[in-house]
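Secondary and tertiary structure notes
Chain by chain, the residues run as shown.
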Amino acid sequence: MFLPEMILHCIRTLEQSGFEAYAVGGCVRDSLLGITPHDYDLCTNATPEETAGIFADHTLVRSGEKHGTIGVVINKQVVEITTFRTEGGYQDSRHPDWVRFVSNVEEDLARRDFTVNAMAYHPDKGYIDPFGGQEDLKNKILRTVGEPAARFSEDALRILRGVRFAVRFGLTPTDDTLQAMKTLAPTMDSLARERVFDELCKLLPLVTAKDLEIFRDILVQVVPPLAPCVGFLQHNPHHIYDVYGHTAKVVEAVSKDPVLRWAALLHDCGKPACFTLDEDGVGHFYGHAQISAQLANDYLLSMKSPTALREQVVFLITHHMDILEPDKKQIRRKMGAYTKEALLDLVLLQFADQGKPQEDSHLPAVMECMSQVLAEDACLTVKDLAIDGRDLLALGYSAGPDIGFCLHCLLERVQMEDLPNERQALLAAAQAFLTHPL
Ligand code: ATP
Ligand code: MG
């Protein structure tokens, strides 16, 4: 396994002081998979205090010291060095109840969640792999270290981590691992919402529709607004899947952007609540965009999602049924009102929601129209107008709301191609407006 110079330096430095040190966890797994690790964690039998002493001439990050971790800053990067430890359950769902430093690497590996995450590596000694992580990686198997139910009971977040590792590396959980994940899924209710939300944010960009089906029961447990969608048939010739199945397809079809993934996941969750059947036996879901947006908002609030993410997701869901026209006037106004990024995301969500590309889809034309508007350097907000409030004051407008009102009227006329966005034309229109208000 390749280890960067600074990691080798840390290992050698600890060894020169008489301690053991290994690369451990994700970096070992990733290297075995041929993936360049995004960071390298080290473990050692030196206590945090000893590690801090050994690297006293470096800047140190000591916020994780209680749990055994010292961050050593080398070349502006932090190398985390953690004392071999074992740990208790996660009563507060955030931190282990206790950690106890132990003297050998095998004991440290035994506290880790999955065999593929429980390997260490030393440049001279090679792999330390007491639980068969290499074999499991080769066979693409996800297996807990030790008895699955016991390990998931210590920390229920491991269930969701298991889903993430399975999806990310194409691993199949062993029967007893999957069984325990499903049986113990309800215990995830007691986890800190932030931990669950963070984990879901890491998972969502990785999933395919098939993954969402395989791990459906586990996901529904942590995303309760999806529960009524499972098996909910739409009674509509345009919708061949149940609401959950359709949702899964849409999630896969949008890009990996977290806002789009969350919006896709929740975009139809209000459908079951709005379902009506007409006399021809065709299902309808009038008002479902609003209801879904409301449910998504409540859910994301409960999960303590960052506000910006929640607002963008709710916006997309609210508008996912809007009919967008390939009409420059409408596009300019919507781009100004929503921002061009939000409008683009909305079109992308609508694309994904349509399913397989439909020949009569108007969305390619909408996209084309958006590119034309952007290429024209269009006037989207009052800030883009060729005049501003000071010009209006100079014309004799009084300071206050009249100025904003006039600028918005001018913007509207420019966007509707009733006026060019040119200084003289705008000043003349503003003058006329002053003499003959609406
Ligand atoms: P990533 O590439 O996502 O960072 P990682 O394997 O490095 O993957 P981390 O969350 O950074 O994952 O954790 C580092 C290591 O610590 C894991 O490989 C695993 O051995 C162990 N670990 C992390 N969280 C837990 C947990 N909740 N229970 C048991 N072991 C854990
Ligand atoms: Mg990591």
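What this report covers is the structure whose coordinates are included nearby. What you see is a predicted model; the values in this text were computed from it and never measured.

Brief notes about helix 17 (residues 328-338)
For an α-helix the count is 3.6 residues per turn, leaving residues at separations of three or four pointing the same way. Residues Ile331, Arg332, Lys334, Met335 and Tyr338 constitute the buried set of helix 17. Residues of helix 17 that are buried sit in contact with helix 16 (307-318), helix 18 (340-353), helix 19 (363-375) and helix 21 (401-415). Phi for Thr339, located one or two positions after helix 17, is positive at around 90 degrees.

Observations concerning the layout of surface pockets
When its volume is computed, the largest pocket comes out at roughly 1400 Å³. Forming the boundary of the largest pocket are 43 residues, of which Asp41, Arg85, Arg111, Arg112 and Arg161 lie nearest the centre. Those elements that provide at least two residues to the lining of the largest pocket are helix 2 (26-32), strand 2 (41-44), strand 4 (69-74), strand 5 (77-83), strand 6 (85-87), helix 7 (157-169) and helix 9 (193-203). With six residues, helix 7 is the single largest residue contributor to the lining of the largest pocket. Counted by class, the lining of the largest pocket contains eleven nonpolar, eleven polar and 21 charged residues.

So, the packing of helix 17 against helix 19
Packed helix pairs are characterised by how far apart their axes lie and by the angle those axes make with each other. One way to put it is that helix 17 packs onto helix 19 with a least axis distance of 10 Å and a crossing angle of 70 degrees. By the criterion of interaxial angle, the relationship of helix 17 to helix 19 is roughly perpendicular. Taking contact as the criterion, the partners of Lys328, Ile331, Arg332 and Met335 in helix 17 are, on helix 19, Val366, Cys369, Met370, Gln372, Val373 and Leu374.

Notes on empty space enclosed by the protein
Taken as a whole and judged by the stated rule, the model has one cavity of 30 Å³ or more. For the largest cavity, the calculated volume is near 40 Å³. What lines the largest cavity is simply Leu200, Leu204, Leu212, Leu219, Val223, Leu226 and Leu265. In the lining of the largest cavity, the residues fall into seven nonpolar, no polar and no charged.

Looking at the site of ligand 1
Near ligand 1 there are 13 residues, and of these Arg29, His38, Asp155, Arg158 and Arg168 occur at the shortest range. Here a nitrogen atom of ligand 1 and a backbone polar atom of Asp113 are 3.2 Å apart. One of the side-chain N or O atoms of Arg164 is found 3.1 Å from an oxygen atom in ligand 1. Bound to the protein, ligand 1 loses 81% of the 580 Å² it would expose on its own. When atoms are counted within 2 Å of each cavity's grid points, the one that captures over half of ligand 1 is the largest pocket. Mapped onto the shell around ligand 1, the elements with two or more residues apiece are helix 2 and helix 7.

Conventions used here
Residues numbered from 1 in each chain as written. Chains lettered and ligands numbered in written order. Predicted model: local features only at pLDDT ≥ 70, side-chain atom pairs only at ≥ 80, totals over all residues. Heavy atoms only, no water. Buried < 20%, exposed > 50% of the residue type's maximum accessible area, 1.4 Å probe, protein only. Helix = DSSP H or I, 4+ residues; strand = E, 2+ residues; numbered from the N terminus. Contact = heavy atoms within 4.5 Å. 1 Å grid on protein atoms, 1.4 Å probe; cavity = no way out; pocket = protein on both sides within 12 Å on 5 of 7 lines; lining within 4 Å. Points joined across faces, edges and corners; volume = space filled by probe spheres on them. Nonpolar A, V, L, I, M, F, W, Y, C, P; charged D, E, K, R; others polar. Axes fitted to C-alpha atoms, helices over the stretch in contact; angles between N-to-C directions. Parallel < 35°, antiparallel > 145°, perpendicular 65-115°, else oblique. Near = heavy atom within 4 Å. Polar contact = N/O pair within 3.5 Å; in protein donor to acceptor, adjacent residues only side chain to side chain. Areas by Shrake-Rupley, 256 points an atom, 1.4 Å probe, with all protein chains shown as cover. Sits in = over half its atoms within 2 Å of the grid points.

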